[in-house]
Amino acid sequence: MTRSLHDIDSVVDEYEMSLRLDRGLSDNSCDGYLRDLRRLLGWLAEGGISLRDVTTDTLRLYLGDLHDLGIAERTRARMVSGLRSFFRYLSLEGYLDTDPTELLESPRLGLHLPEVLTVEEIDAMIASIDTGKEEAQRDRAMMETLYGCGLRVSELVNLEMSRVYAAEGYLIVHGKGDKERLVPMSEASVAEIEAYLDCRSRLPIKPGEENILFLNRRGHRLTRQRAFQIVRSLAEAAGIRKNISPHTLRHSFATHLLEGGANLRAIQQMLGHESIATTQIYIHLDSTSLREDILRFHPRNAVKPGNKDSHI
C-alpha cells in the first residue's frame, strides 16, 4: 500500500534523517540537498503540482525553467543528483510506486578548467598583507596553509589545534563525509602558524572555540564567507584580476604539484578526492601548460624573421 504524502514536512524531515544517519552525509552536503529540494517543492506548489503527480516530463520542465533563470549547468547537474536521491528515497520507502528520475538526464558538462595562480602571484598576495593590522599574521598563516596544504575552505576554518603536528610536519583534517586524512605541511605553513600562535594567545577566545586554530579578533572561528573575503581582498591588493577564491589556492597547490612531477594518486590522497576522476582535471590543466610551452619553444612553431605569425 502506498504511504501518504499529505504531510510533506514530515516526509522531508524523515529524508533528512536518512541522509545524515543512513548515508552519513556531512552537514554541508545535507544542507545542499535540502536547499535544492525546497526549491523544487516551492516550484511544484506554485504550479499546483503534488509530489505524487510528478513525472519525468515535470522534472524536465523544472530543469528547463532553471536554465532560463541562468542557473549554471554544473549547478543544475548537482540538483539532478539531489532529485534522484530524494525520489529514490520516496520510492524505496513506499511513498511512490515509480521513480520519475529514472529516465532523467543530467545536463552535459563541458570541461571546466579552474583558475590557477602562479607562485609569484601567491607570493604577491601574501606580500600585500597589511602588517599594521592585528590579524596580519593570522592571514599569512591562513594563506600558507591553504596553498601549502591544499585545504578546502571548510577544512581551514574548522582546523583544530590538536590536529596540527608542527614538529612532525603534518596535520589531520576532517574532509567531506567526515573522512579524516593526513596532510603534510610545507615549511612555510609551519613557520607562519607557529608565529600566529603567539598572536592567537592574546585573543579573548570564546567558550567552545579553544581548540579552533583560526579565529577572528573577537575569539570566534572564522566563517567560510570571511575567509573568502580575505583571499579576494588580498588578490585585489596584489593587482590580480583573476576570479579568485580560497579554492583557487587549492587548485594551484594541486597543479604545481603535478607540474613538479608528483604522482596523481598522491595528489588524490592529499586533496581527499574519493575518486581519481576528480583529480584528473589537473592533467588537463598541466596539458594546457604543456601545449603553450610546445607552441612557444618548438622550432616548427618559432616565428621566422620577417613573419608576424608562427607556422600554426
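Everything that follows concerns the structure shown earlier in this document.
Residues numbered from 1 in each chain as written. Predicted model: local features only at pLDDT ≥ 70, side-chain atom pairs only at ≥ 80, totals over all residues. Heavy atoms only, no water.

A. View of the side chain of Ser85. Note on placement: Ser85 falls in helix α4 (residues 73-92). A relative accessible area of 7% places Ser85 in the buried class. In this structure the side chain of Ser85 is engaged in a polar contact, spanning 2.7 Å, whose partner is the side chain of Tyr15. Polar contacts involving the side chain of Ser85 include one to the side chain of Arg23, which spans 2.6 Å. Among all residues touching Ser85, those that are not within four sequence positions of it are Tyr15, Leu19, Arg23 and Tyr33. (Helix = DSSP H or I, 4+ residues; strand = E, 2+ residues; numbered from the N terminus. Buried < 20%, exposed > 50% of the residue type's maximum accessible area, 1.4 Å probe, protein only. Polar contact = N/O pair within 3.5 Å; in protein donor to acceptor, adjacent residues only side chain to side chain. Contact = heavy atoms within 4.5 Å.)

B. Structural view of empty space enclosed by the protein. Going through the model one piece at a time under the given rule, you end up with one cavity of 30 Å³ or more. A volume near 30 Å³ is recorded for the largest cavity. Put simply, the parts of the chain that give the lining of the largest cavity at least two residues each are α2 (27-46) and α4. The biggest single contributor to the lining of the largest cavity is α4, with four residues. (1 Å grid on protein atoms, 1.4 Å probe; cavity = no way out; pocket = protein on both sides within 12 Å on 5 of 7 lines; lining within 4 Å. Points joined across faces, edges and corners; volume = space filled by probe spheres on them.)

C. Layout of the nonpolar core. Among the nonpolar cores identified, the biggest contains 45 residues, and Met125, Leu171, Phe214 and Leu249 are the most heavily contacted of them. Counting residues per element, the ones that place at least two in this core are α5 (119-127), α6 (136-149), α7 (153-157), β2 (170-174), α8 (187-200), α9 (224-237), α10 (246-259) and α11 (264-271). When near neighbours in sequence (up to four residues on either side) are disregarded, Leu249 contacts Leu117, Ile122, Met143, Leu146, Tyr147 and Val231. Formed by 30 residues, the second largest nonpolar core is a distinct cluster that contains Leu41, Val54, Phe86 and Tyr89. (Core = buried A, V, L, I, M, F, W, Y, C linked by side-chain atoms within 4.5 Å.)

D. Seen up close, the pairing of β2. Alignment of strand β1 (residues 164-165) against β2, held across two bridges, turns out to be antiparallel. Pairing of Val164 across the sheet is with Leu171, part of β2. Hairpin connection, β1 to β2: the antiparallel pair is bridged by four residues, and Gly169 has positive phi, about 80°. Pairing between β2 and strand β3 (residues 180-184): five bridges, direction antiparallel. Bridging across to β3, Ile172 finds its partner in Leu182. (Pairing = 2+ DSSP bridges.)

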